[in-house]
Amino acid sequence: MAASQTFSLLAFTFSLLAVASTVSSHNITQILADSPDYSSFNSYLSQTKLADEINSRTTITVLVLNNGAMSALAGKHPLSVIKSALSLLVLLDYYDPLKLHKISKGTTLSTTLYQTTGNAPGNLGFVNITDLKGGKVGFGSAASGSKLDSSYTKSVKQIPYNISILEIDAPIIAPGILTAPAPSAALSNITGLLEKAGCKTFANLLVSSGVLKTYESAVEKGLTVFAPSDEAFKAEGVPDLTKLTQAEVVSLLEYHALAEYKPKGSLKTNKNNISTLATNGAGKFDLTTSTSGDEVILHTGVAPSRLADTVLDATPVVIFTVDNVLLPAELFGKSKSPSPAPAPEPVTAPTPSPADVPSPTAASPPAPPTDDSPESAPSDSPTGSANSKSANAAVGMSTPSLFTALVTIAAVVVSVSLCS
């Protein structure tokens, strides 16, 4: 191999190594922890769980407020309103100082995290960014008649094309964003919310069993509800609930809720077993999660269920609809078809030789998604990670793995060069 070709290959390989060293998930709370001026903003990102949503995405810009600006906002409003206001400061695009001053035609609209909540009618989830005269950049709501009530102050940190953090001098206020009802008002008719979302069967069960009171008692400290749709209760394979004891019905319904506020962003980044209201010991009545693109899948050990829609997200309460009834293994047993599937012929030897007997994994493809267990579909499973990365989630092939692969390539190139 010619020396010039060798050096070209080496240059290409090490350029990939340089890229790999920068491809890693960010952590907004750790980044801001180095800046005491944003301690209040950082604290509210954690309290509202917006930090999890930010960390699960790439190509994102966070407009931060210093402690003075943040206190003016936080001191007057409940946590649910603060979350909506801060969601409007998270842009789903990458803007560094250079890009701010090179906006085409001087103005543009950018989608924000608030737009993804479903609580932003019309264009209230968009922000107007305008390059003003004298090098200033203004920000305002995209709603008609809104003013540019916030200005760019300075750059805080950039990880190019992954996350940019910019300071602005005041919050961006969209019409009505500061007047949202408190969670207690929204939850005064929780059964009405569920019925409107197509979960009337689930709502009726909560009332008749008395579990609704258990849900309501958990609201103050945090509550997450997974409500199966009416169609889910009619699906094939759902056990006859009339054959369950009262205690079993209560456990089943409590299994559909968590005693903590865990919005979609937190579920997307979750790596641990999750305790439910029914949990009564280590590993009892818990859930695991995995991701597929932007979707979240709940795993019970019996069958998976997809997070469908958000009925309500008002910190510290979030209510989701799910497309299957969550069946805990403690009541309905483990999956009958574990993954991977067993080999066609039983193997009598305790430890067959790989050379003589094909492994069960090689002999059979993985079980279909409907046959589920926490072990077969962990939250960091390869499939979930790969799909999540393709959908801008901050997970995927780890940087160390990619780095190791590229180092191996470089070693091969050098070896071939020396042998030529």
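For the structure, see preceding data.
Below is a short write-up of the structure. Note that the structure is predicted; figures quoted are calculated from it, not measured.

Of all 6 residues in strand S14 (residues 317-322), 6 are buried; the element is thus mostly enclosed. Neither face of S14 is left uncovered, since the one carrying Val317, Ile319 and Thr321 and the one carrying Val318, Phe320 and Val322 both have all their residues buried. As defined by bridge partners, strand S8 (residues 223-228) adjoins S14 across 6 bridges and the pair is classed as parallel. The partner of Pro228 across the bridge, within S14, is Val322. One ladder, built from 6 bridges, connects strand S13 (residues 304-314) with S14; its direction is antiparallel. Each bridged residue has a counterpart across the sheet, and for Leu312 the counterpart in S14 is Ile319. The antiparallel hairpin formed by S13 and S14 contains 2 residues in its connecting segment.

On to the sheet that holds strand S4 (residues 126-131). What the 7 strands build is an open sheet, ordered S2-S1-S7-S6-S5-S4-S3; its pairing is mixed. The open sheet has two free edges, formed respectively by strand S2 (90-91) and strand S3 (107-111), since each of these has just one partner strand. In terms of strand pairing, S3 meets S4 through 5 bridges, oriented antiparallel. Its bridge partner being in S4, Thr107 is matched across the sheet by Thr130.

This brings us to the packing of helix H10 (residues 200-209) against helix H13 (residues 246-254). Closest axis-to-axis distance for the H10/H13 pair is 10 Å, and the angle between their directions is 130 degrees. As summarised for this structure, H10 and H13 are arranged oblique, according to the angle between their axes. Considering only the axes of H10 and H13, their crossing is left-handed. Counted together, Phe202, Leu205, Leu206 and Ser209 of H10 and Gln246, Val249, Val250 and Leu253 of H13 form the full contact between these two elements.

Our next topic: the nonpolar core. With 46 residues, the main nonpolar core has Ile28, Phe41, Leu45, Met70, Leu86, Ile129 and Phe139 as its most contacted residues. Excluding anything up to four places from it in sequence, Phe41 contacts Leu32, Val62, Leu63, Val64, Leu65, Asn67, Met70, Leu86 and Leu89. If you look at the next biggest cluster of nonpolar residues, it comprises 30 residues, including Val219, Val225, Leu244 and Leu252.

Turning our attention to the pattern of salt bridges. Across all of its chains, the model carries 9 salt bridges by this definition. With its nearest N and O atoms 3.6 Å apart, the salt bridge here joins Glu53 to Lys268. Note that Glu53 is positioned in helix H4 (residues 50-55) and Lys268 in helix H14 (residues 264-269), a separation of 215 residues in sequence. This pair shows no difference in class: Glu53 is buried, exactly as Lys268 is.

What counts and how
- Residues numbered from 1 in each chain as written.
- Predicted model: local features only at pLDDT ≥ 70, side-chain atom pairs only at ≥ 80, totals over all residues.
- Heavy atoms only, no water.
- Buried < 20%, exposed > 50% of the residue type's maximum accessible area, 1.4 Å probe, protein only.
- Helix = DSSP H or I, 4+ residues; strand = E, 2+ residues; numbered from the N terminus.
- Pairing = 2+ DSSP bridges.
- Axes fitted to C-alpha atoms, helices over the stretch in contact; angles between N-to-C directions.
- Parallel < 35°, antiparallel > 145°, perpendicular 65-115°, else oblique.
- Left-handed = near helix turned anticlockwise from the far one by under 90°.
- Contact = heavy atoms within 4.5 Å.
- Core = buried A, V, L, I, M, F, W, Y, C linked by side-chain atoms within 4.5 Å.
- Salt bridge = Lys/Arg side-chain N within 4 Å of Asp/Glu carboxyl O.

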